[in-house]
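Below are the chains, spelled out letter by letter.
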Amino acid sequence: MRSHLLNDTNAERYRRTVTEGVERVAARIAATDRPFTGITADALAPRIESIDLDRPLGDTTAVLDELEEVYLRDAVYFHHPRYLAHLNCPVVIPAVLGEAVLSAVNSSLDTWDQSAGGTLIERKLVDWTTARIGLGPAADGVFTSGGSQSNLQALLLAREEAKTDSLEKLRIFASEVSHFSVKKSAQLLGLGQDAVITIPVDHDKRMRTVALARELERCAQDGLVPMAVVATAGTTDFGSIDPLPEIAELCEQYGTWMHVDAAYGCGLLASVKYRDRIDGIEHADSVTVDYHKSFFQPVSSSAVLVKDAATLRHATYHAEYLNPRRMVQERIPNQVDKSLQTTRRFDALKLWMTLRTMGADGIGQLFDEVCDLAVRGWELLAADPRYDVVVEPSLSTLVFRYIPAAVTDPAEIDRANLYARKALFASGDAVVAGTKVSGRHYLKFTLLNPETTVDDMAAVLDLIAGHAEQYLGESVVRAS
Ligand SMILES: *Cc1c(COP(=O)(O)O)cnc(C)c1O
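Residues numbered from 1 in each chain as written. Predicted model: local features only at pLDDT ≥ 70, side-chain atom pairs only at ≥ 80, totals over all residues. Heavy atoms only, no water.

The name that an unreviewed UniProt entry assigns to the chain is Lysine decarboxylase DesA, with the source organism given as Streptomyces galilaeus. For the chain, the Cofactor (unreviewed entry) comment in UniProt is given as "pyridoxal 5'-phosphate". A UniProt comment under Sequence similarities (unreviewed entry) is attached to the chain, and it reads "Belongs to the group II decarboxylase family." (UniProt positions renumbered as here; feature names shortened; annotations may be inferred.)

Below you can see the structure in the form of structure tokens.
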């Protein structure tokens, strides 16, 4: 069994095994003609259940053959131009190379003595990101598992910085289309979900700052403490960007922590054309970025950045066996002092390989392309009488709904749209997402693939209309 350990003796086996796996995946990726096979969980489950984990196959080729059956063949492939559903990007090859390197070396970024150079690479990428944001010379941050953890950590710091002796008095302000992790964080931080005051959005799904000002004032008058305002730079559903400069002013006025959730919109930090859309982000006290959304990185790759490095101390604990206090004096850089995690992947390496190979402009251009594509999609939808489209895109998301002229019952239209999404998924021809707008069911394209064309979008819209029409036709038969 020692022959399976990755070490000096087995370096050749490592090369052969991984190459065989890479060849399989490359062949699969080259051969995908649809984003999905449409398989159901019920159909797939018996194949996985029938496998006896206590009877190993021993041999790589056999294991890969089996993997084809239980995973590779039926996976949802984000690189396919007709995968248009969630915030999943196709990944860039330099980052995948980084992934292979980081798991083979297997550094853990908690302490210097488990990562050495890795720590410095991560720190340099944090500095690179804070410089792009414009957070100033005292800024710092750390890589996290994702946007949800970044939001949680940012709100933890905000809670600790808030001037109050009573958690019950703390309030967080976020728009009605902010990410659910804001409420979840409030819950985890002992504030309860009701501590989050929901601010309405305007027609473009941006936080109404007049309403925010009113709520901040009410909070002050009621003797409560405004702990943080969460501005979203790229909402999950619409890609809308809250008015950051106005929000920054209000935060300044009320002495409130400003957190910018740029999990999605962070791609603009590298943008060649649209960086100005997130102007004002530099005023933030903390920022969430998900490189695994708009920097074309494999999951996970994310960070939380702060304007004042000192605030990260609220996540610091010293353990004699890991990061004793004296190491701070000895200037040994232990990233665990800044992180909610302990053992932690060297995810930063993927971004490093990406920037060293393609440069920031290379990534930014890819993101600009999908933003441009969204504008074309908007034009397509706006000109199509079969569809109602909401919100001109600020990033790369389109939310729309099939509205047949002959049907007036909105509940029936809801059902037709829900049916169309399901039928499309079951066909595997394309994958789209869904959401609700003003209580009605809508469909969503999240465009993150520069290979997607206007023709792809048009073809998928025809498919959706076809499924919806079929549903409505059958529903007439059902009713009669
Ligand atoms: C995706 C997303 C998150 C959560 O990020 P994860 O990486 O999925 O944990 C938070 N905020 C926004 C706006 C998002 O789009």
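Additional details are given in the paragraphs that follow.
1. Some thoughts on the overall build of the chain
Each helix and strand in the chain was counted, giving 14 helices and 11 strands. The C-alpha atoms of the chain give 24 Å as radius of gyration, which agrees with the globular expectation for 480 residues (23 Å, within 12%). Taking the principal axes of its C-alpha atoms as reference, the chain extends roughly 80 × 70 × 40 Å. Sequence separation of at least 24 residues holds for 73% of the intrachain contacts in the chain that already meet a minimum separation of 6. In the form shown here, the chain has an accessible surface area of approximately 22,500 Å², with 53% of it arising from carbon and sulfur atoms. The distance from the centre of the 49 positive side-chain charges to the centre of the 66 negative ones in the chain is 2 Å. (Helix = DSSP H or I, 4+ residues; strand = E, 2+ residues; numbered from the N terminus. Rg over C-alpha atoms; globule rule 2.2 N^0.38 Å. Contact = heavy atoms within 4.5 Å. Areas by Shrake-Rupley, 256 points an atom, 1.4 Å probe, with all protein chains shown as cover. Lys, Arg positive; Asp, Glu negative; His and termini not counted. Charge placed at Lys NZ, Arg CZ, Asp CG, Glu CD.)

2. Considering the site of the ligand
Residues in contact with the ligand amount to 14 residues; listed here are only the nearest, Gly147, Ser148, Asp261, Asp290 and Lys293. Side-chain polar atom of Ser148 to an oxygen atom of the ligand: 2.8 Å apart, as the coordinates give it. A distance of 2.6 Å is found between a nitrogen atom of the ligand and a side-chain nitrogen or oxygen belonging to Asp261. Out of a free accessible area of 380 Å², the ligand has 85% covered by protein chains. Those elements giving two or more residues to the shell around the ligand turn out to be helix H6 (147-161) and helix H10 (291-294). If one sorts the elements of the shell around the ligand by residue count, H6 sits on top with three residues. Looking at side-chain class alone, the shell around the ligand contains two nonpolar, nine polar and three charged residues. (Near = heavy atom within 4 Å. Polar contact = N/O pair within 3.5 Å; in protein donor to acceptor, adjacent residues only side chain to side chain. Nonpolar A, V, L, I, M, F, W, Y, C, P; charged D, E, K, R; others polar.)

3. Thoughts on the side chain of Thr256
With respect to the helices and strands, the residue Thr256 is situated in the loop between helix H9 (244-254) and strand S5 (257-262). When its relative accessible area of 6% is taken as the criterion, Thr256 is described as buried. Filtering out sequence-adjacent residues up to four positions away, Thr256 remains in contact with Leu216, Pro226, Met227, Ala228, Val229, Cys251 and Asp285. (Buried < 20%, exposed > 50% of the residue type's maximum accessible area, 1.4 Å probe, protein only.)

4. A closer look at the pattern of salt bridges
Tallied over the full model, the rule gives 29 salt bridges. Its salt-bridge partner being Asp52, residue Arg55 comes within 3.2 Å of it at the nearest N-O pair. Taking relative accessible area as the criterion, Arg55 reaches 64% and is therefore assigned exposed. The exposure class assigned to Asp52 is partly exposed, which follows from its relative accessible area of 36%. When the shortest N-O distance is used, the salt bridge between Arg326 and Glu320 registers 3.1 Å. Of the residues examined, Glu320 reaches a relative accessible area of 59% and is grouped as exposed. Residues participating in the shared-partner salt-bridge network are Arg24, Arg28, Asp65 and Glu68. (Salt bridge = Lys/Arg side-chain N within 4 Å of Asp/Glu carboxyl O.)

5. A look at the sheet that holds strand S7 (residues 302-306)
Strands belonging to one sheet form pairs held by backbone hydrogen bonds; the direction of such a pair is parallel or antiparallel. The strand order S1-S7-S6-S5-S4-S2-S3 describes an open sheet built from seven strands, whose pairing is mixed. Among the strands making up the open sheet, the edge pair consists of strand S1 (140-144) and strand S3 (196-199). Averaged over all adjacent pairs, the angle separating strand axes in this sheet is 20°, with direction ignored. Here strand S4 (residues 225-232) pairs with S5 via five bridges, running parallel. (Pairing = 2+ DSSP bridges. Axes fitted to C-alpha atoms, helices over the stretch in contact; angles between N-to-C directions.)

6. Points about the sheet that holds strand S8 (residues 387-390)
The strand order across the open sheet built from four strands is S8-S9-S11-S10, with neighbouring strands paired in antiparallel fashion. Because the sheet does not close on itself, it has two edges, and the strands there are S8 and strand S10 (433-437). Across the sheet, the mean angle separating the axes of adjacent strands is 40° when strand polarity is ignored. When S8 meets strand S9 (residues 397-402), the two strands line up antiparallel, connected through four bridges. Paired with Tyr387 across the bridge in S9 is Tyr402. Sitting on the sheet, helix H12 (residues 348-382) touches S8 and S9, and the angle it makes with S9 is about 15°. Those strands touched by helix H14 (residues 454-479) are S8, S9 and strand S11 (440-446), and its axis lies near 30° from that of S9.

7. As for unusual backbone geometry
With omega at -10°, the peptide bond leading from Val299 into Ser300 counts as cis. You can see Ser300 is positioned in the loop between H10 and S7. Positive phi values are uncommon outside glycine, yet Ala116 reaches one of about 40°. Mapped onto the elements of the fold, Ala116 is located in the loop between helix H4 (93-105) and helix H5 (117-133). Judged by its relative accessible area of 33%, Ala116 is partly exposed. Of note, Arg331 is a non-glycine position whose phi angle comes to about 60°, a positive value. Within the fold, Arg331 resides in the loop between helix H11 (326-329) and H12. The class of Arg331 is exposed, set by a relative accessible area of 73%.

8. As for the domain arrangement of the chain
Segmentation of the chain into domains returns domain 1 (2-77) and domain 2 (98-357). Centre-to-centre, using C-alpha coordinates, domain 1 lies 36 Å away from domain 2. (Domains from an automatic or database assignment.)

9. Description of the packing of aromatic side chains
How two aromatic rings sit relative to each other is set out by the distance from centre to centre and by the angle between their planes. A complete count under the given rule lists nine aromatic pairs for this structure. The interplanar angle of 50° and the centroid separation of 4.7 Å between the aromatic rings of Phe78 and Tyr83 together place this pair among those described as tilted. Assessed through its relative accessible area of 5%, Tyr83 is described here as buried. Residues Tyr387 and Phe400 carry aromatic rings whose centres are separated by 5.5 Å and whose planes lie at 80° to one another, so their mutual orientation is edge-to-face. One end of the pair, Tyr387, is in strand S8; the other, Phe400, is in strand S9, and 13 residues separate them in sequence. On the accessibility criterion, Tyr387 (5% relative accessible area) is buried. (Phe/Tyr/Trp six-rings, centres within 6.5 Å; stacked < 30°, edge-to-face > 60°.)

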